[in-house]
Amino acid sequence: MNEFQQLFDRQLATWELARSNYAALAQVKMKTFDVDGHTCKVQFNPARIVSSAAKVDAQSIRERACFLCAANRPAEQRGIPFNGRYEILVNPYPIFPRHLTVPAVEHTPQRCADRIEDMLDLAKLLDEYVIFYNGPKCGASAPDHFHFQAGSKGFLPVESDRTFPNTIRIESEYAQEVVAQFRQIYRSLPVPAGEAEPMLNILAWFERGKWTVCVFPRKKHRPACYFAEGEANLLISPASVDMGGVFITPLEKDFQKITAADIAAIWKEI
Ligand SMILES: [Zn+2]
């Protein structure tokens with residue numbers, strides 16, 4: 001058993017919030033759609049309301065205690081150091097059967113430009129996981145504290161679908177080549193006024209000696225349906241997981257009514 005599996009077992013044995021949320025995850029409802037020839041899943045996950053409805057405007061962020069800073073974490077949470085600059089933690093609000101959060105030790109903003117090498121290192125270390133990055137206006141619920149996340153492999157449709165929509169896919173056995181291609185894409189994307197980086201989500205994993213990195217350029221943080229009143233409302237705040245083919249609906253009404261056409265429309269819009 002590797003040390004990450006041991007971390008899970010220990011945390012689930014001693015931390016009630018994590019234990020109950022992972023137990024609840026085993027019961028969540030999923031459904032599958034065909035979206036223009038691509039498999040896409042929808043997960044009804046009530047515990048994720050904390051992320052989907054997170055207030056990420058500057059004032060709300062200033063006024064809350066940062067939940068990724070070591071001083072403010074739950075007393076039961078334990079971590080494994082990574083690269084001297086990060087900690088690997090169990091995420092107590094899971095989407096994946098195994099879901100980790102990997103915050104920087106330092107309280108520093110969510111920016112990917114100088115972190116892509118670290119992301120590749122992490123993908124190699126956690127080779128049973130897909131690593132992901134949500135930009136500060138692209139699904140990160142702590143835009144003020146840098147963090148990656150990681151979720152069990154074999155869960156996201158994009159992993160096995162090489163023509164998945166909206167995806168720029170980089171594959172190489174050489175880390176330097178992946179980094180060079182990533183930088184080229186990064187530089188080609190517009191940086192919105194007032195923002196520090198292009199809007200994007202990134203997924204990365206390591207398999208049989210080779211990295212795969214999927215970049216999803218974005219133009220919108222949340223789709224119009226997120227803000228709509230009445231029947232048109234869908235509380236969906238897309239991040240890497242949704243871009244990779246698993247839409248998260250924290251509310252059952254949305255899980256019931258969402259259609260393949262809604263998914264296609266949200267992807268197109270954002
Ligand atoms: Zn922090």
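We now turn to the structure provided with this report. Quick caveat, the model's predicted, so the values are computed rather than measured. (Residues numbered from 1 in each chain as written. Predicted model: local features only at pLDDT ≥ 70, side-chain atom pairs only at ≥ 80, totals over all residues. Heavy atoms only, no water.)

Remarks on the coordination of the zinc ion
Consideration 1: In the first shell of the zinc ion, the protein supplies Cys66 (SG), Cys69 (SG), His107 (ND1) and His145 (ND1), at 2.0 to 2.3 Å from the metal.
Consideration 2: All donors to the zinc ion come from one chain, and their sequence spacing reads C-x2-C-x37-H-x37-H. Linking Cys69 in the loop between α4 (58–63) and β3 (79–82) with His107 in the loop between β5 (99–103) and α5 (116–125), this pair joins segments that are 38 residues apart in sequence. (Donors = N, O, S within 2.8 Å, 3.2 Å for Na, K, Ca; no water. Helix = DSSP H or I, 4+ residues; strand = E, 2+ residues; numbered from the N terminus.)

Some words on the packing of aromatic side chains
Consideration 1: Tallied over the entire structure, the rule returns 14 aromatic pairs.
Consideration 2: Relative to Phe255, the ring of Phe44 lies with its centre 5.9 Å away and its plane at 35 degrees, an arrangement referred to as tilted. Here Phe44 is found in strand β2 (residues 38–44), whereas its partner Phe255 is found in helix α9 (residues 252–257), with 211 residues between them in sequence.
Consideration 3: The class for Phe44 is buried, based on a relative accessible area of 13%.
Consideration 4: Of the residues examined, Phe255 reaches a relative accessible area of 6% and is grouped as buried.
Consideration 5: Geometrically, the ring pair formed by Tyr226 and Phe227 is edge-to-face, given 5.0 Å between the ring centres and 70 degrees between the ring planes.
Consideration 6: Positioned above the aromatic ring of Phe155, the side-chain terminus of Lys41 is 5.3 Å from the ring centre. (Phe/Tyr/Trp six-rings, centres within 6.5 Å; stacked < 30°, edge-to-face > 60°. Buried < 20%, exposed > 50% of the residue type's maximum accessible area, 1.4 Å probe, protein only. Lys NZ or Arg CZ within 6 Å of the ring centre and 35° of its normal.)

A look at the sheet that holds β2
Consideration 1: Pairing is mixed in the open sheet, where three strands are placed in the order β1-β2-β11. For this open sheet the edge positions go to β1 (29–35) and β11 (246–249), each flanked by a neighbour on one side alone. On average, each strand axis in the sheet is tilted by 25 degrees relative to the strand beside it, whichever way the strands run.
Consideration 2: Summarising the sheet, β1 and β2 pair through seven bridges and their orientation is antiparallel. Bridged to Thr32 within β2 is Lys41.
Consideration 3: Helix α10 (residues 260–269) rests against β1, β2 and β11 of the sheet, and its axis sits at about 75 degrees to β1. (Pairing = 2+ DSSP bridges. Axes fitted to C-alpha atoms, helices over the stretch in contact; angles between N-to-C directions. Contact = heavy atoms within 4.5 Å.)

Quick word on the sheet that holds strand β4 (residues 86–90)
Note on sheets: strands pair through backbone hydrogen bonds, and any given pair is parallel or antiparallel.
Consideration 1: Spatial ordering of the open sheet is given by β3-β4-β5-β7-β6-β9-β10-β8, a layout of eight strands whose pairing is antiparallel. Every other strand in the sheet has two partners, leaving β3 and β8 (168–172) as the edge strands with one partner each. In this sheet, adjacent strand axes meet at a mean angle of 20 degrees when their direction is disregarded.
Consideration 2: Pairing geometry for strand β9 (residues 200–207) and strand β10 (residues 210–217), over eight bridges, is antiparallel. Paired with Leu200 across the strands is Pro217, a residue of β10.
Consideration 3: With respect to the sheet, helix α6 (residues 175–188) is in contact with β8, β9 and β10, its orientation differing from that of β8 by roughly 160 degrees.

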